[in-house]
Amino acid sequence: MAETETAEPQANDEVAVGTELVRDFVNTRDLLDGIEGLASPGELVTWLEARGLTRGPVTATPAELRRALELREALRQVLLKNTGLEVDREAAFAVIDRTARRARIELCFEECAGALTPAATGIDAALGRIVIAVHSAMADGSWERLKACRASDCEWAFIDNARNHSRAWCSMRSCGNREKARAFRERHRAI
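The sections below set out a description of the structure shown in this document. (Residues numbered from 1 in each chain as written. Predicted model: local features only at pLDDT ≥ 70, side-chain atom pairs only at ≥ 80, totals over all residues. Heavy atoms only, no water.)

**Some remarks on the overall build of the chain**
For step 1, the next point in the chain: When you go through the chain residue by residue, the secondary structure sums to six helices and six strands.
For step 2, the next point in the chain: Tracing the chain from N to C terminus, the helices and strands come up as α-β-β-α-α-α-β-β-α-β-β-α.
For step 3, the next point in the chain: For the chain, the residues scored as buried account for 42% of the 191 residues in total.
For step 4, the next point in the chain: For the chain, the proportion of contacts with a sequence separation of at least 24, taken over those separated by at least 6, is 55%. (Helix = DSSP H or I, 4+ residues; strand = E, 2+ residues; numbered from the N terminus. Buried < 20%, exposed > 50% of the residue type's maximum accessible area, 1.4 Å probe, protein only. Contact = heavy atoms within 4.5 Å.)

Quick look at the structure:
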């Protein structure tokens, strides 16, 4: 598993919670250790419930699990783009858009003081809440700090707290050092 690095406190706790939610959702798959955190519909429900994304009793179908995994991997692609890698951004955003439409995200004033909220129920609503967190991060400018590790065997999501937003790996001690050592070996083979 990639190393967890503490995030600097942000001015708006709701923003921090939203970016952390997206990061944690993307990190339900750990390439380095080969762990799939959402291997069954039940595990998806447990993960969503633990983060307060469901309302009332919810069950998930295999099709809903596939849609959740598709959303997770689309988000990973967009986070890789934030790290500077070339990805199919249009395809990734098409998945995010489909998830938003399925969740029927609306602007709510009467009960929600102008917040976005999913009109759907169940798993679609819970996934919609993740998409709303993406929207919030994009709107407040924190989205660019949310990245995925460039190491193709890692792709762990992290929040870049470097002053110049230059981090490319989840950790210099692991992925960054491996990548630099690989690049060094490649340069010296060519000599």
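The structure having been displayed, the exposition proceeds.
**Things to note about the environment of Q77**
For step 1, the next point in the chain: With respect to the element layout, Q77 can be found in helix 3 (residues 62-82).
For step 2, the next point in the chain: Classification of Q77 as partly exposed rests on a relative accessible area of 28%.
For step 3, the next point in the chain: In the structure, Q77 is positioned 70 residues away from K147 in sequence and 9.4 Å away in space, judged by C-alpha atoms.

**Quick notes on the packing of helix 3 against helix 5 (residues 122-140)**
For step 1, the next point in the chain: Packing of helix 3 against helix 5 leaves a shortest axis separation of 10 Å and a crossing angle of 10°. The angle between helix 3 and helix 5 falls in the class roughly parallel. Together, E64, R67, A68, L71 and L75 of helix 3 and I123, D124, L127, I130, V131 and V134 of helix 5 make up the contact between the two elements.
For step 2, the next point in the chain: Among the residues making up the contact of helix 3 with helix 5, the classes are represented as eight nonpolar, no polar and three charged. (Axes fitted to C-alpha atoms, helices over the stretch in contact; angles between N-to-C directions. Parallel < 35°, antiparallel > 145°, perpendicular 65-115°, else oblique. Nonpolar A, V, L, I, M, F, W, Y, C, P; charged D, E, K, R; others polar.)

**Considerations on the packing of aromatic side chains**
For step 1, the next point in the chain: Enumeration according to the criterion identifies one aromatic pair in this entry.
For step 2, the next point in the chain: Considering the side-chain rings of F25 and W47, the 5.4 Å spacing of their centres and the 50° angle between planes classify their relative orientation as tilted. Highlighted residues: F25 in helix 1 (residues 13-26) and W47 in helix 2 (residues 41-50), separated in sequence by 22 residues.
For step 3, the next point in the chain: Judged by its relative accessible area of 0%, F25 is buried. (Phe/Tyr/Trp six-rings, centres within 6.5 Å; stacked < 30°, edge-to-face > 60°.)

**Focus: helix 5**
For step 1, the next point in the chain: Here helix 5 spans 27 Å end to end across 19 residues, near enough to the 27 Å set by a 1.5 Å rise per residue.
For step 2, the next point in the chain: At the exit of helix 5 stands G141, carrying a positive phi of roughly 90°. (Expected span 1.5 Å × (residues − 1).)

**With respect to unusual backbone geometry**
For step 1, the next point in the chain: A positive phi angle is found at R104, which is not glycine, with a value near 50°.
For step 2, the next point in the chain: With respect to the helices and strands, R104 occurs in the loop between helix 4 (89-103) and strand 3 (105-108).
For step 3, the next point in the chain: In this structure, E155 takes a positive phi of about 55° despite not being glycine.
For step 4, the next point in the chain: Looking at the secondary structure, you find E155 in the loop between strand 5 (146-148) and strand 6 (157-159).

**Re the nonpolar core**
For step 1, the next point in the chain: Counting 38 residues, the largest nonpolar core has L75, I130 and W143 as its most contacted members.
For step 2, the next point in the chain: Sorting the residues of this core by element identifies helix 1, helix 2, helix 3, helix 4, helix 5, strand 5 and strand 6 as the ones contributing at least two each.
For step 3, the next point in the chain: Contacts of W143, omitting those with residues within four sequence positions, involve V22, L75, V78, L79, N82, V134, A137 and M138.
For step 4, the next point in the chain: Core analysis: the second largest hydrophobic core is formed by nine residues, C149, A151, A168 and C170 among them. (Core = buried A, V, L, I, M, F, W, Y, C linked by side-chain atoms within 4.5 Å.)

**Remarks on the pattern of salt bridges**
For step 1, the next point in the chain: Per the stated rule, a full pass over the model turns up 10 salt bridges.
For step 2, the next point in the chain: D24 is the salt-bridge partner of R23, the closest N and O atoms lying 3.1 Å from each other.
For step 3, the next point in the chain: Each member of the salt-bridge network shares a partner with another, and the members are R29, E36, R72, E73, R76 and E155. (Salt bridge = Lys/Arg side-chain N within 4 Å of Asp/Glu carboxyl O.)

**Brief notes about helix 4**
For step 1, the next point in the chain: Compared with the 21 Å implied by 1.5 Å per residue over 15 residues, the 21 Å span of helix 4 between its first and last C-alpha is a close match.
For step 2, the next point in the chain: Of all the residues in helix 4, the buried ones are A92, F93, V95, I96, T99 and A103. One side of helix 4 carries all its buried residues, which in axial view fall inside an arc of 150°. Turned more than 90 degrees off the buried face of helix 4, the exposed positions are E90 and R101.
For step 3, the next point in the chain: Close packing links the buried residues of helix 4 with helix 3, strand 3, strand 4 (115-118) and helix 5.
For step 4, the next point in the chain: R104 sits one or two positions beyond helix 4 and adopts a positive phi of about 50°. (Arc of directions from axis to C-beta.)

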